Amino acid sequence: MRVAREPIMARPLLKIHRYFRRKPVRFFSFILLYLTAGSLVFLHSGFSSDTSTTGASGSGRDPLISEGGGSTGAGSSTSDGLRLLGRVFKETRRAPRRFGPPWRKENRAQDAPEWAGRGFDRTSSWSHGAKGRTTKEMDDGREQTVHAETSSSKYIGCYVDDTQRRALRGVSFLDYKKMTVFRCQDSCAERGYLYAGLEFGAECYCGHKIQAPNVSESECNMECKGEKSNLCGGPNRLSIYRLELSQESARRYGSAIFKGCFKRPDNVTLALPASSVIKNMSVDKCVDMCTEKEFSLAALAGEKCHCGFPTPLFTLHEREDEELCLQRCAGEDFESCGNNDFFVVYQTQVQDNRCMDRRFLPTRSKHLVALASFPGAGNTWARHLIELATGYYTGSYYFDGSLYNKGFKGERDHWRSGRTICIKTHESGKKEIETFDASILMIRNPYKALMAEFNRKYGGHIGFASQAHWRGKEWPEFVKNYAPWWASHTLDWLKYGKQVQVVHFEDLKRDLFSELKGMVIFLSLEVSEDRLLCVEGQKDGNFKRSGLRKLEYDPYTPEMRATIDGLIKTVDTALRKRNLSGVPEEYKPR
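Residues numbered from 1 in each chain as written. Predicted model: local features only at pLDDT ≥ 70, side-chain atom pairs only at ≥ 80, totals over all residues. Heavy atoms only, no water.

Asker: Please provide a residue-by-residue account of the sheet that holds strand E21 (residues 500-504), values included.
Answerer: Taking strand neighbours across the sheet as the criterion, the five strands line up as E18-E19-E17-E20-E21 in an open arrangement whose pairing is parallel. Two strands lie at the open edges of the sheet, namely strand E18 (395-396) and E21, each paired on one side alone. Taken together, the five bridges between strand E20 (residues 438-443) and E21 define a ladder with parallel strand orientation. Counted as the bridge partner of Met442 is Val503 from E21. Against the sheet, helix H8 (residues 379-390) makes contact with strand E17 (369-373), E18, strand E19 (423-425) and E20, and its axis sits at roughly 145 degrees relative to E17, the strand it touches most. (Pairing = 2+ DSSP bridges. Helix = DSSP H or I, 4+ residues; strand = E, 2+ residues; numbered from the N terminus. Contact = heavy atoms within 4.5 Å. Axes fitted to C-alpha atoms, helices over the stretch in contact; angles between N-to-C directions.)

Put into structure tokens, the structure is as follows:
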């Protein structure tokens, strides 16, 4: 009796079966290849359906495939495969996305502007020419003529400049590629100097007085390196402008910031531990001495200079009338040096390190606290203040590389990590709000918040939107979409938030010490007055826009104002219903 033979086709299958039984690794490799092939077929079908609706001339066919197939059939198959692989690789190269509200998804690239991390040139979008002339700006590849406004300036004339004895003796810098009149003016004004001078087309000098003779205008004949339409001095010749400073900048003296006139502390030796009598006293001599001794405060008292840090013994919270300090300095007639009873105080460029140490929480917290705000309401600034006041990093519901690079190390942590003291968020949905156990709700005047967010959207964190954006269709569309969001964001957090502490941006700016102290207490941390006083001296951080640039006109139309005023009233009512103080007076309709 014969044994039935195995079918011919079964033999190869049996061999394969035995082969993979002996080599399980190879079996799994085969399965992986099979799944990969299936995935590619699936992706191909998806992409084919996409391209079928966008064919040439509306025909619904891929323009690379001939109608008859014929000799191009193999070529079309190859091109399809290449396009497929190209799209697959393109998709895999994209960075993973973090959580974010709809308005953050529009212009994610704007958050990390091209100039972030470079020098301090912040004039790419705004410029100001000599004697009212206009200069040109490059924006999105289009050349446009714009009028811009700095702290207003007046052209004084052309002056001699000696390398051994400068006409303007404050700070100076040069740029042989991008120097402009506005850049020089802005830099000098921001540091509190009264005069800005340009030399040799590329050099900028600042000073409080001109110490050189005037010469003929024809000797200041060199074009600015960054704008050919304006003149920037000449060889050893300065084109000088007098700056009418903004209120903020007028409180500076060169690199030092004017803090005010203060009564002599009860125990001067403890409050201001370093002191010296200086012959021919002047502001810069006292500031230089305290800077050299590495103190952040320089206090002038007639012929004596005192140095120290802000402490509970000398808080700088109780300013006196500046008339009480009006005593001329022996070394400079136009400066005030105070007297034995009332001190003129300046903040030097020395960093107060008492509040600079920051770290993650020592133990992970399950109590999630939100730092919630509408975009443009000062969330980044508040994070800076909280980190300095508490010594702990803040986190974020999103990830912003430019913020991480500027020192917000909690930015990369997942928002639920429990390692940060609070979490920045612009979310306003019920589900998102209820994931937090408590929240600090930042509210800002919508007129200011909308403009701040528009600048961020089109100019980055400390940049500015161009005139083309303000006068174009972008601004009206932005106000239409974002103004209602300002109100709904606040209303949602008041409605769904579990424990909500409302902080108005304007109140925080006006009384930083008290408001920040309340925020630290709300975060269940011990208050350090020395840290808070240290924060007051370093409140601006790296994300403060220059206050020197302003629009030449009111961007809000009557219709926009009517809408926003109605929203302000709605928010004011909601706050009062929760037994909170309403919106500050400056919010209210005018």
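Asker: Summarise a positive patch on the surface; cite the residues concerned and give the values.
Answerer: Together, Arg319, Lys448, Lys509 and Lys539 line one region of the surface with positive charge. Position of Lys539 relative to the elements: it lies in the loop between helix H16 (529-537) and helix H17 (558-577). (Patch = residues over 30% accessible without salt bridge, like charges linked within 9 Å, V, L, I, M, F, W, Y side chains within 5 Å. Areas by Shrake-Rupley, 256 points an atom, 1.4 Å probe, with all protein chains shown as cover. Salt bridge = Lys/Arg side-chain N within 4 Å of Asp/Glu carboxyl O. Lys, Arg positive; Asp, Glu negative; His and termini not counted. Charge placed at Lys NZ, Arg CZ, Asp CG, Glu CD.)

Asker: An account of the sheet that holds strand E6 (residues 203-207) is needed here, citing residue identities and associated values.
Answerer: Consider a sheet: its strands pair through backbone hydrogen bonds, and that pairing is either parallel or antiparallel. With antiparallel pairing, the six strands of this open sheet are ordered in space as E4-E6-E5-E10-E3-E7. Lying at the two open borders of the sheet, with one neighbouring strand each, are strand E4 (172-174) and strand E7 (214-215). Bridge count for strand E3 (residues 153-160) against E7 is two bridges, and the pairing is antiparallel. Across the sheet, residue Tyr159 finds its bridge partner in E7, namely Asn214. This element, helix H5 (residues 181-190), spans E3, E4, strand E5 (195-199), E6 and strand E10 (237-243) of the sheet and lies at about 145 degrees to E5.

Asker: How would you sum up H5? Please name residues and give values.
Answerer: Counting buried residues in H5 gives nine out of ten residues, a clear majority hidden from the surface. For H5, the complete set of buried residues consists of Val181, Phe182, Arg183, Cys184, Gln185, Asp186, Ser187, Cys188 and Ala189. At the exit of H5 stands Gly192, carrying a positive phi of roughly 85 degrees. (Buried < 20%, exposed > 50% of the residue type's maximum accessible area, 1.4 Å probe, protein only.)

Asker: Could you give an account of the packing of aromatic side chains, naming the residues involved and the relevant values?
Answerer: Within the structure shown, the criterion is met by 21 aromatic pairs. Ring plane angle 65 degrees and centroid distance 5.4 Å describe the contact between Phe258 and Tyr346, whose orientation is recorded as edge-to-face. Here Phe258, found in strand E12 (residues 256-263), pairs with Tyr346, found in strand E16 (residues 342-347); they are 88 residues apart in sequence, far enough to count as distant. On the basis of relative accessible area, Phe258 is assigned to the buried category, the value being 14%. With a relative accessible area of 8%, Tyr346 lands in the buried category. Considering the side-chain rings of Tyr482 and Trp485, the 5.9 Å spacing of their centres and the 55 degrees angle between planes classify their relative orientation as tilted. A residue pair is termed a helical-turn pair when its members lie 3 or 4 positions apart in one helix, as Tyr482 and Trp485 do in helix H13 (residues 474-496) at three residues. Taken together, the ring pairs in this structure connect Phe374, Tyr447, Phe454, Tyr458, Trp470, Trp475, Phe478, Tyr482, Trp485 and Tyr556 into an aromatic cluster. In this structure, Lys409 packs its charged tip against the face of Tyr404, placed 4.5 Å from the ring centre. Note that Arg444 overlies the ring of Phe505, its terminal NZ or CZ placed 4.1 Å from the centroid. (Phe/Tyr/Trp six-rings, centres within 6.5 Å; stacked < 30°, edge-to-face > 60°. Lys NZ or Arg CZ within 6 Å of the ring centre and 35° of its normal.)

Asker: Explain the nonpolar core to me, using residue names and the numbers behind them.
Answerer: By size, the foremost hydrophobic cluster in this structure holds 39 residues, and its most contacted members are Phe436, Leu450, Trp475, Trp486, Tyr556 and Ile564. Elements with a minimum of two residues in this core: E17, E20, helix H11 (446-459), H13 and H17. It is H13 that provides the largest number of residues to this core, a total of nine residues. Ile564 has contacts with Pro446, Tyr447, Leu450, Val479, Ala483 and Tyr556, leaving out every residue within four places of it along the chain. Residues Leu385, Ala389, Ile421 and Val535 belong to the second largest nonpolar core, which totals 29 residues. (Core = buried A, V, L, I, M, F, W, Y, C linked by side-chain atoms within 4.5 Å.)

Asker: Before we move on, could you go through the pairing of E16 and cite the residues and values that matter?
Answerer: Among the six residues in E16, six count as buried, and that is most of the element. Alternating residues of E16 divide into Phe342, Val344 and Tyr346 and Phe343, Val345 and Gln347, and every residue in both groups is buried. Two strands pair when backbone bridges link them, and E12 and E16 are joined in this way by six bridges, in the antiparallel orientation. Bridge pairing in E16 places Phe258 opposite Tyr346. Bridge count for strand E14 (residues 297-301) against E16 is four bridges, and the pairing is antiparallel. For Ala298, the partnering residue across the bridge sits in E16 and is Tyr346.

Asker: Describe in detail the state of the cysteines, supporting the description with residues and values.
Answerer: Scanning the entire structure with this criterion turns up nine disulfides. A sulfur-sulfur separation of 2.0 Å characterises the disulfide bridge that pairs Cys290 with Cys307. Its S-S torsion of about -80 degrees marks the bond between Cys290 and Cys307 as left-handed, since a negative value means left-handed. On the criterion of sequence distance, the pair formed by Cys290 in helix H7 (residues 283-292) and Cys307 in strand E15 (residues 304-308) is long-range, its members being 17 residues apart. Take Cys307: its relative accessible area is 0%, and that puts it in the buried class. Across the disulfide from Cys329 sits Cys337; the S-S distance is 1.8 Å. Disulfide Cys329-Cys337: the torsion about the S-S bond is 100 degrees, which places it as right-handed. The two residues Cys329 and Cys337 agree in class, both being buried. (Disulfide = S-S within 2.5 Å.)

The values are spatial; any link to function lies outside them.
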